[in-house]
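Geometric and topological summary
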Amino acid sequence: MLSVLSDRKSNVDYFVSLILILLVNVNSVYAKANFGVEKELNFASIDYCPFTCDPDKENGKEGIMIEVLRLSLEPIGYRVKFDIMPYSRAIAEVKLNNYDGIAVVIKSHAPSFIYPELPTLRPRVGLYIKKERNLSYSSTDSLKNSLMVVVQDYKYDNANFDAYIARNKGNKARILSLTGNNTVERALKSILFQRADVYLENQLSVAYYATGLEIKNKIQLIHSIPSDINDYSAFSPTIIEAKYLSIQLSSTIKELYETGKMNAIFKKYGVVSSLQE
């Protein structure tokens, strides 16, 4: 009996010691952050202005999501770095533990990541055409004679459109799937030069690129699509401080919107916030 009790006590002592070690390690991470010992956080990102941008191509602009990450994490001792790559690869790289997080992602696309309570952005999705085209939208069936531009592997969180894209995947008469970087500019040019008929995209990105390309008067929004899309920055579940960082980021996002400071960030990119609407 004494032997059993002794074994149980040893097991309890072991787990208590393990928990204490973990707590010390976690507290050490936080302490380093708070006392200015800089730690690097590497994010996988995409060329998708105004969300996340390639600063070499956008006059130094890094994107709204990156700016919010810097405002949140750099004051507590983290140095934010990011690499541009296609969206599908960005998700895969974080899953492979090659990056600490992803700068912009939809939660349903990578549910295993650690997310802040609040999204950074809640953009609306729109269906766009060249202005003089005589096209209208009533349902996805009305698109069957049109070539629609989409981003490969991207889900728009609208059941009708996601089903239509999946159903017509590989049908080159109905779906033009773009991969790689700079998809928004390429897609807009494809409808302008009539290589495609319609373009499905979030309205923030279209507004940003249409302004930069000086084509706002050459394209037309024919349908605003109900969608549950929320754009988050997220962290790899393999980094020990992921939950702490997600709480910190959520607190920053809440403060930026409540104080109106987010409006100044949006103004830099020539777009309007949809989170407060």
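Residues numbered from 1 in each chain as written. Predicted model: local features only at pLDDT ≥ 70, side-chain atom pairs only at ≥ 80, totals over all residues. Heavy atoms only, no water.

1. Section: the side chain of Ser72
For the record, the criterion: Strands here are runs of E lasting at least two residues and helices are runs of H or I lasting at least four, both read from the DSSP assignment and numbered beginning at the N terminus. Only protein chains enter the calculation, and the probe is 1.4 Å; a residue is then buried if its accessible area is under 20% of its type maximum, exposed if over 50%, and partly exposed in between. Any pair of residues with heavy atoms lying within 4.5 Å of one another is described as a contacting pair.
In this structure, Ser72 sits in helix α2 (residues 64–73). Here Ser72 falls in the buried class, since its relative accessible area comes to 1%. Those residues in contact with Ser72, other than ones at most four positions away along the chain, are Gln248, Leu249 and Thr252.

2. Here's the deal with the side chain of Ser250
For Ser250, the location among the structural elements is in helix α7 (residues 242–259). Leaving out residues up to four positions away in the same chain, Ser250 has contacts with Pro116, Glu117 and Leu118.

3. A word on the sheet that holds strand β1 (residues 39–45)
Where we set the bar: Here, a strand pair is defined by DSSP locating no fewer than two bridges between the strands. Geometry is summarised by axes, namely lines fitted to C-alpha atoms with helices restricted to the contacting stretch, and by angles between N-to-C directions that run from 0 to 180 degrees.
The sheet built from 4 strands is open, its strands ordered β2-β1-β3-β9 with mixed pairing. In the strand order of this sheet, the two ends are held by β2 (78–84) and β9 (231–235), each with one partner. Across this sheet, the average inter-strand angle for adjacent strands is 30°, counted without regard to direction. Bridge count for strand β3 (residues 101–106) against β9 is 4 bridges, and the pairing is antiparallel. The residue of β9 that forms the bridge with Gly101 is Phe235. Sheet strands touched by helix α3 (residues 87–95): β1 and β3. Its angle to β3, the strand with the most contacts, is close to 130°. Against the sheet, α7 contacts β1, β2 and β9, and its axis sits at roughly 150° relative to β9.

4. Looking at the state of the cysteines
Stated precisely, the cut-off is as follows: Throughout, a disulfide means two cysteine sulfur atoms within 2.5 Å of one another.
A full pass over the atoms with the stated rule returns 1 disulfide. The disulfide bridge from Cys49 ends at Cys53, spanning 1.8 Å between sulfur atoms. With a relative accessible area of 0%, Cys53 lands in the buried category.

5. Details of the layout of surface pockets
Defined as follows: Cavities and pockets were defined on a 1 Å grid built from protein atoms only: a cavity is a group of points that admits a 1.4 Å probe but offers it no way out, a pocket is an open group of points flanked by protein on both sides within 12 Å along at least five of seven lines, and a lining residue is one with an atom within 4 Å of any such point. Grid points are joined across faces, edges and corners, and a volume is the space filled by probe spheres set on the points. The classification used treats Ala, Val, Leu, Ile, Met, Phe, Trp, Tyr, Cys and Pro as nonpolar, Asp, Glu, Lys and Arg as charged, and all other residues, Gly among them, as polar.
The computed volume of the largest pocket comes to approximately 270 Å³. Around the largest pocket, the lining comprises 13 residues; the ones closest to its centre are Asp153, Tyr154, Ile165, Ala166 and Lys169. Listed by contribution, the elements that provide at least two residues to the lining of the largest pocket are β5 (148–151), α4 (159–167) and β6 (175–178). In terms of residue count, the dominant contributor to the lining of the largest pocket is α4 (3 residues). Considered class by class, the residues forming the lining of the largest pocket number 6 nonpolar, 3 polar and 4 charged.

6. Section: the pairing of strand β7 (residues 198–202)
Summarising burial for β7: 5 of the 5 residues are buried, a large majority. Judged by which residues are buried, β7 turns out to be covered on both faces: Val198, Leu200 and Asn202 on one side and Tyr199 and Glu201 on the other are all buried. Sheet topology places strand β4 (residues 125–130) next to β7; 4 bridges connect them, and they run antiparallel. Across the sheet, Leu127 pairs through a bridge with Leu200, a residue of β7. Bridging between β5 and β7 involves 2 bridges; their strand directions are parallel. Opposite Met148, over in β7, you have Val198 as the bridge partner.

7. Quick look at the nonpolar core
Soluble, globular proteins show a tendency: their nonpolar side chains are buried together. What counts is decided by this rule: Note on terminology: a nonpolar core comprises buried Ala, Val, Leu, Ile, Met, Phe, Trp, Tyr and Cys residues joined through side-chain atoms within 4.5 Å.
Formed by 84 residues in total, the largest nonpolar core has its most connected members in Phe43, Leu73, Met148, Tyr199, Leu200 and Ile219. Those residues in contact with Tyr199 that lie beyond four places of it in its chain are Gly126, Leu127, Tyr128, Val149, Thr183, Val184, Ala187, Leu188, Ile191 and Val206.

8. Section: the sheet that holds β5
Taken in spatial order, the 5 strands make up an open sheet running β6-β5-β7-β4-β8, and their pairing is mixed. Looking at which strands have only one partner, the edges of the open sheet turn out to be β6 and β8 (219–225). Adjacent strand axes in the sheet meet at a mean angle of 30° when their direction is disregarded. Contacts from helix α5 (residues 183–192) reach β4, β5, β6, β7 and β8 within the one sheet, and its direction differs from that of β7 by about 155°. Each of β4, β7 and β8 is contacted by helix α6 (residues 203–212), which is oriented at about 110° to β7, the strand it contacts most.

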